[in-house]
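Chain residues, written in single-letter form:
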Amino acid sequence: MKQTLSRYYVFAVIALWAVLCFVFFQFFYPYHFFYKEQNQLFLMTSDWLITYFDRMGWLARMAGEFLTQFYYYLFAGAAILTVVLTVLCTALFLLLRRAGVNRHVALAVALLVTTVEAVFHLHHSFPLSATFSLLGWVLVLMLVFPFKKRLGTLVGVLLLPVAAWLFGVPQLGKLRGPDWYVERQLAVDCEYYFGHWDKVLSLVEQDAARTPEMKFFYNLVQAQRGQLPEVLLRFDQPELGTFYAIGPDTPLMTIKNMNELYWALGDMTYTERAAMMANVFSPDNRNVRMMKRLAECNMVSGDTAAAKKYLGILSSTLVFRKWAENAPKTVFYAEKARYNNQKDTVSLGDNAHNIMMQLLDSNPENNVALDYILCSNLLLKDVQNFKRDYDRYCTERPRPNKLYQEALCIWLAASEADEAEWQRYIKSADVMQRFAQYNEQRGNPRFKGTYWYYFDKATTPKVQ
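As the structure is a prediction and not an experimental result, all values here were calculated from the model.

Draft legend 1. Examining the overall build of the protein more closely. Scanning the protein for helices and strands turns up 25 helices and 0 strands. Since a compact globule built from 464 residues should have a radius of gyration of about 23 Å, the 28 Å found for the protein marks it as more spread out than a globular shape. Along the three orthogonal principal directions, the C-alpha set of the protein runs to about 100 × 50 × 35 Å. Here the analysis covers contacts within the protein between residues at least 6 apart in sequence; of these, 66% occur between residues at least 24 apart. Surface summary for the protein: the accessible area is close to 22,800 Å², and the carbon and sulfur share equals 60%. Positive and negative side-chain charges in the protein, numbering 48 and 42 respectively, have mean positions lying 13 Å apart.

Draft legend 2. Quick look at the packing of aromatic side chains. Across all of its chains, the model carries 41 aromatic pairs by this definition. Between F435 and W452 the ring centres are 5.2 Å apart and the planes differ by 50°, which places this aromatic pair in the tilted class. Taken together, the residues span a long stretch of sequence, with F435 in helix α24 (residues 429-440) and W452 in helix α25 (residues 451-457) at a distance of 17 residues. Each member of the pair F435 and W452 is classed as buried.

Draft legend 3. Structural context of the pattern of salt bridges. Enumeration over the complete set of coordinates arrives at 20 salt bridges. For the salt bridge of K448 with D236, the shortest nitrogen-to-oxygen distance reads 3.8 Å. Highlighted residues: K448 in the loop between α24 and α25 and D236 in the loop between α12 (228-231) and α13 (252-265), separated in sequence by 212 residues. Classification of K448 as exposed rests on a relative accessible area of 53%. Among the salt bridges present, the one from D371 reaches R399, with a minimum N-O distance of 2.5 Å.

Draft legend 4. Here's a closer look at unusual backbone geometry. One non-glycine residue with positive phi stands out, namely D284, at about 60°. The residue D284 is located in the loop between α14 (268-280) and α15 (288-301) in this model. Look at K381: it is not a glycine, yet its phi comes out positive at around 60°. The topology assignment puts K381 in the loop between α20 (367-379) and α21 (383-394).

Draft legend 5. Spotlight on the packing of α13 against α15. Running from N to C, α13 and α15 cross one another at 25°; their axes reach a closest spacing of 12 Å. Relative to α15, α13 is oriented roughly parallel. Seen along the crossing, α13 lies across α15 with a hand that is left-handed. In contact with K256, N259, E260 and W263 of α13, α15 contributes R289, M290, R293, E296, C297 and V300. In terms of residue class, the contact of α13 with α15 is built from 4 nonpolar, 1 polar and 5 charged.

Draft legend 6. A look at the nonpolar core. Membership of the largest hydrophobic core comes to 138 residues, with the highest contact counts inside it found for F25, L265, Y372 and Y451. For this core, the leading source of residues is helix α5 (residues 76-98), giving 13 residues. Setting aside anything within four residues of it in sequence, one finds Y372 in contact with N219, L220, A223, L228, L240, T242, L261, L265 and M356. Counting residues in hydrophobic clusters, the runner-up holds 7 residues, among them Y31, F34, Y35 and L186.

Draft legend 7. Structural detail: the confidence of the model for the protein. For the protein, the mean per-residue pLDDT works out to 90, and 94% of the residues sit at or above 70. Within the protein, helix α8 (residues 149-167) has the poorest average pLDDT of any element, 72, and helix α4 (residues 58-68) the best, 97.

Draft legend 8. Structural detail: the side chain of T271. Counting through the fold element by element, T271 comes out in helix α14. Setting aside chain neighbours within four positions, we find T271 in contact with N259, Y262, W263, R293 and C297.

Draft legend 9. Here's a closer look at the packing of helix α10 (residues 197-206) against helix α11 (residues 212-224). At a minimum axis distance of 9 Å, the contact between α10 and α11 shows a crossing angle of 135°. Comparing the axis directions of α10 and α11 gives the class oblique. For the pair α10 and α11, the crossing hand works out as left-handed. Facing W197, V200, L201, L203, V204 and E205 of α10, the residues of α11 in contact are M214, F217, Y218, V221, Q222 and Q224. Class assignment for the residues of the contact of α10 with α11 results in 9 nonpolar, 2 polar and 1 charged.

What counts as what
- Each chain carries its own residue numbering, running from 1 in the direction its sequence is written.
- Confidence filtering applies because this is a predicted model: local features only for residues at pLDDT of at least 70, side-chain atom pairs given and counted only at 80 or more, and all residues used for totals across whole chains, interfaces and linings.
- Hydrogen atoms and water are omitted, and side-chain values are computed over all heavy atoms in the structure.
- Going along the chain from the N terminus, every DSSP run of H or I of four or more residues is numbered as a helix, and every run of E of two or more is numbered as a strand.
- Radius of gyration here is computed from C-alpha atoms only, and the compact-globule reference equals 2.2 Å multiplied by the residue count raised to the power 0.38.
- The contact rule is simple, with two residues in contact once any of their heavy atoms fall within 4.5 Å.
- Each accessible area is a Shrake-Rupley estimate made with a 1.4 Å probe; only the visible protein chains count as cover when residues are assessed.
- Only four residue types enter the tally: Lys and Arg on the positive side, Asp and Glu on the negative side; His and the chain ends are excluded.
- Taken as the charge centre is NZ of Lys, CZ of Arg, CG of Asp or CD of Glu, depending on the residue.
- Two rings from Phe, Tyr or Trp (for Trp, the six-membered ring) form a pair when their centres sit within 6.5 Å of each other. Planes less than 30 degrees apart are called stacked, planes more than 60 degrees apart edge-to-face, and all others tilted.
- Working definition: with a 1.4 Å probe on protein chains only, accessible area under 20% of the residue-type maximum means buried, over 50% means exposed, and in between means partly exposed.
- Only one rule defines a salt bridge in this text: a Lys or Arg side-chain nitrogen within 4 Å of an Asp or Glu carboxyl oxygen.
- Here, axes are lines fitted to C-alpha atoms. For helices the fit covers the stretch in contact, and angles between N-to-C directions go from 0 to 180 degrees.
- Angles below 35 degrees are treated as roughly parallel, those above 145 as roughly antiparallel, those between 65 and 115 as roughly perpendicular, and all remaining angles as oblique.
- What makes a crossing left-handed is the near helix being turned counterclockwise from the far one by less than a right angle; a clockwise turn instead makes it right-handed.
- Following the grouping adopted for this structure description, the nonpolar residues are Ala, Val, Leu, Ile, Met, Phe, Trp, Tyr, Cys and Pro, the charged ones are Asp, Glu, Lys and Arg, and the polar ones are all others, Gly among them.
- Definition of nonpolar core: a set of buried residues of the types Ala, Val, Leu, Ile, Met, Phe, Trp, Tyr and Cys, connected through side-chain atoms within 4.5 Å.
- Scored from 0 to 100, pLDDT records how confident the predictor is in each individual residue.

Written out as structure tokens, the structure is:
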């Protein structure tokens, strides 16, 4: 009776550990699962599966990457990781018991090792295949222990090369706590990717320590909703992404952000370039999120052959198969083609200002590019070029919102414009009145949130 209760006690403790593991990863640390899923590609084709046999530890790697693709689904990441770790913990306990270790000591050691392995998974680059590698070796050792000492040693020696071929060398991760900074960034990034734009806005607005990446996606959502000028100065040090140039030292997160920016602006050439670079710098040059974006780029640009190539790759996955079948029939991509760059030019660099000018010259109704070019000028405090671009693109389609009106006040005052010029540009009596008040007390914090205060007090962002 005591032995039975003791056995139940052991597995009850392991089950409790599994519940705590699932709750933590699902409800407190879920977004790194999506990042791991996006940064790999798993095809259900014989040609693809054969590529795994070229390396040691192919079975662990194949099993890990096969299951990682399902991290795409809600709850799947935490559930899969919890199950694998629970199996590892149980196998470790049974292995130690076979080796003659005391039941309580065996349980403590198994829980400790499994917890350390769970901590390794807190890092967004630690693969599930590493845990399968460790689990494989534990299972191999379980095969050895039933034999007597000499025979067991012989069996172990024979199994060693087989185990190394199947499971490789167990990989150690980093022993450190949760990286909440990265998790917050991934939360906003992934919610944007899934199209949950209200959730993006909510996450950023409720976070007191907003990262530049979080503000980037906040502004990206607002721009596509036509609200960028209204919110540009809502947070300190606004982030648009238009001052970056992609190069060899550009962080991977920034490259992915640029891909999203160019897609929203409507330039498929630069979107494709950024997606290609993100794919190149991903583990083993495999990134299913970028593969999907490359398919979208070519559907929008009308390159049918290239689009079929990427759609064909995605149709060989389990998760994106249906998306690949339905994407060519989606009206959205045909509508987005209207905003593509139609200029017959060769760009010598990724100067965002030139890109946006070409997009606006191709389609003046591209309000995302319009607000980004004007707001970028304003963040650089380049009122002269702001006025030039405003006249070029807003003369026939005025944009009399508060931010642009405030910026025009600065240009009009600096150029000593006459009353007729003021009336031509400034349509709000409230803006005129507030500008007069500001000039009497320049730099007063009660005007924080106006472009005049930003122009006088804020640090100009660097063009990288």
